[in-house]
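# Architecture and fold: a report
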Amino acid sequence: MAAGNKRKYYMLGGKGGVGKTSCAASLALKFANNGHPTIVVSTDPAHSLSDSFAQDLSGGRLVPVEGVESPLFALEINPDKAKEDFRNRIQKRGGSGVKDIMDGMGLGMLAGQLEQLKLEELLDTPPPGLDEALAVSKVMQFVDSQEYSKFSRIVLDTAPTGHTLRLLSLPDFLDGSIGKMMKLKKKLASATSAIKSVFGKEVPQQDTSTELEQLKERMAKVRDLFHNPDTTEFVVVTIPTVMAISESSRLHASLRKESVPVQRLIVNQVLPPSGSDCKFCAVRRKDQMRALNMIRNDPELGGLKLIQSPLIEMEIRGVPALKFMGDMVWR
């Protein structure tokens, strides 16, 4: 992974609490130490990237990771903040919506009927997954910027399984919903122009379509990025329990259905061998072996490259600990 020059994007995802952030942070550090200028980004609303690197990475901007000689920058994106910024831009460009248009033409009585179209409600109550999509959309702004073209690796620490799957299906939703919304706006524009010519009233021009088109275009880029095996790899992270393995199997089935390239499965927190097991450890190890056998026999996971990450007695926090973990996992 570190030696290759073609693949640029690595997404790490899986069930909550399996150690995705530690794996993502250690992979990003591994890339940087091997000479690849790297950005690691968390799109999970419950951020822990700051905890992993033991420094404040909040604020929605790229922050250089301390204690690393090669270029390594980290970013925690607040999806709720990104969603709010988007909504504010829409409202700033478009005023308060259809009612303002009608009131401006002296046709306030019709505004109530047009409000049944609920155009603004599409922004006030966004569909599931829109917050994650806006977060990745912001990442795409960094990727497209010439200022950040020097970065040859982008590592994404994604939210738990359900959020990731919603994100993958969102571009298709936007194609349909925003497309319908924009057609409706064009029809309204034609109607208001006709009314203006009759009543001689000026109609305030609205440009919310530009924001929606930009979002749509960025989501198309995200979709293409997710599906390109030459530039992107999704790494599934799990732990050796029956419940986690079952969810990982369903995740991989969904990723395969969406044509998202997956090659590796990280099994985190595996108990190392011991010559003198306590009873508790012996039972846990037996359960873990059963879970690992499930992986080998699972039609979804059996074909992936299996990487076991041992349970480490110390907390994985800070650059030295992440380097220690990365040297064991990312070989």
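Structure's up top.
What comes next concerns the included structure.

### Remarks on helix 1 (residues 20-33)
- Taking 1.5 Å as the rise per residue, helix 1 with 14 residues should run 20 Å; its terminal C-alpha atoms sit 20 Å apart, in good agreement.
- The element helix 1 is largely enclosed, with a buried count of 12 among its 14 residues.
- Looking one or two residues past helix 1, Gly35 carries a phi angle of roughly 90 degrees, positive in sign.

### Quick notes on helix 11 (residues 279-297)
- Its 19 residues give helix 11 an end-to-end C-alpha distance of 27 Å, which sits within 8% of 27 Å, the value for a rise of 1.5 Å per residue.
- Within the span of helix 11, buried status applies to Arg285, Gln288, Ala291, Leu292 and Ile295. Buried residues of helix 11 fall within an arc of 125 degrees about the axis and therefore sit on the same side. Residues of helix 11 that are exposed and point over 90 degrees away from its buried face: Lys279, Lys286, Arg290 and Asn297.

### Thoughts on the packing of aromatic side chains
- Enumeration over the complete set of coordinates arrives at 2 aromatic pairs.
- Judged by centre distance (5.1 Å) and plane angle (45 degrees), the rings of Tyr10 and Phe31 are tilted. Of this pair, Tyr10 sits in strand 1 (residues 9-13) while Phe31 sits in helix 1, and the two are 21 residues apart along the sequence. Across this residue pair, the class does not change: Tyr10 and Phe31 are buried.

### Overview of the packing of helix 1 against helix 12 (residues 319-329)
- Axis separation between helix 1 and helix 12 bottoms out at 8 Å; the angle between their running directions is 85 degrees. With respect to each other, helix 1 and helix 12 are oriented roughly perpendicular. Residue-level inspection shows Ser22, Cys23, Ala25, Ser26, Leu29, Lys30 and Asn33 of helix 1 in contact with helix 12, the latter providing Val319, Leu322, Lys323, Met325, Gly326 and Asp327.
- Here the contact of helix 1 with helix 12 is built from residues that sort into 6 nonpolar, 4 polar and 3 charged.

### Some words on unusual backbone geometry
- Notably, Ser259 is not glycine yet its phi reads approximately 60 degrees, a positive angle.
- When you line up the elements, Ser259 lands in the loop between helix 10 (242-257) and strand 7 (262-270).
- For Ser259, a relative accessible area of 48% gives the class partly exposed.
- Phi at Gln269 takes a positive value of approximately 65 degrees, unusual for a residue other than glycine.
- Residue classification places Gln269 among the partly exposed residues on the basis of a relative accessible area of 32%.

### A closer look at the side chain of Arg264
- Positionally, Arg264 belongs in strand 7.
- A relative accessible area of 12% means that Arg264 is categorised as buried.

### Let's talk about the sheet that holds strand 7
- The strand order across the open sheet built from 8 strands is 3-4-2-5-1-6-7-8, with neighbouring strands paired in mixed fashion. The outermost strands of the open sheet, each flanked by one partner alone, are strand 3 (63-64) and strand 8 (305-310).
- As paired strands, strand 6 (residues 232-238) and strand 7 are joined by 4 bridges and run parallel to one another. From the neighbouring strand, Phe234 faces strand 7, where its bridge partner is Val262.
- Relative to the sheet, helix 1 contacts strand 1, strand 2 (38-42), strand 4 (72-76), strand 5 (153-157), strand 6 and strand 7, its axis offset from that of strand 5 by approximately 170 degrees.
- Helix 12 contacts strand 7 and strand 8 of the sheet and is inclined by roughly 145 degrees relative to strand 8.

### Re the nonpolar core
- Core analysis: the biggest nonpolar cluster contains 35 residues, and Leu12, Val40, Phe53, Leu72, Val155, Ile266 and Trp330 have the highest contact counts within it.
- Of all the elements in the fold, those that place two or more residues in this core are strand 1, helix 1, helix 2 (49-53), strand 4, strand 6 and helix 12.
- Broken down by element, the residue count for this core peaks at 8 residues, all from helix 1.
- Not counting the four nearest positions on each side in its chain, Val155 is found in contact with Tyr10, Leu12, Ala24, Leu27, Ala28, Phe31, Thr38, Ile39, Val40 and Val41.
- Membership of the second largest hydrophobic core comes to 29 residues, among which are Val41, Val260, Leu292 and Leu304.

### Some points on the pattern of salt bridges
- Scanning the model with the defined rule gives 7 salt bridges in all.
- Among the ionic pairs, Glu233 bridges to Arg7, the shortest N-O distance being 3.4 Å. Of the two residues, Glu233 is situated in strand 6 and Arg7 in the segment before strand 1; the sequence distance between them amounts to 226 residues. We note that Glu233, like Arg7, is buried.
- A salt bridge links Asp327 to Lys30; the nearest nitrogen and oxygen atoms lie 3.1 Å apart. One end of the pair, Asp327, is in helix 12; the other, Lys30, is in helix 1, with 297 residues separating them in the sequence.
- In this structure Asp327 comes out as partly exposed when scored by relative accessible area, which is 34%.
- One network of salt bridges, with partners in common, ties together Arg7, Glu233 and Arg264.

Calculation criteria
- Residues numbered from 1 in each chain as written.
- Predicted model: local features only at pLDDT ≥ 70, side-chain atom pairs only at ≥ 80, totals over all residues.
- Heavy atoms only, no water.
- Helix = DSSP H or I, 4+ residues; strand = E, 2+ residues; numbered from the N terminus.
- Expected span 1.5 Å × (residues − 1).
- Buried < 20%, exposed > 50% of the residue type's maximum accessible area, 1.4 Å probe, protein only.
- Arc of directions from axis to C-beta.
- Phe/Tyr/Trp six-rings, centres within 6.5 Å; stacked < 30°, edge-to-face > 60°.
- Axes fitted to C-alpha atoms, helices over the stretch in contact; angles between N-to-C directions.
- Parallel < 35°, antiparallel > 145°, perpendicular 65-115°, else oblique.
- Contact = heavy atoms within 4.5 Å.
- Nonpolar A, V, L, I, M, F, W, Y, C, P; charged D, E, K, R; others polar.
- Pairing = 2+ DSSP bridges.
- Core = buried A, V, L, I, M, F, W, Y, C linked by side-chain atoms within 4.5 Å.
- Salt bridge = Lys/Arg side-chain N within 4 Å of Asp/Glu carboxyl O.

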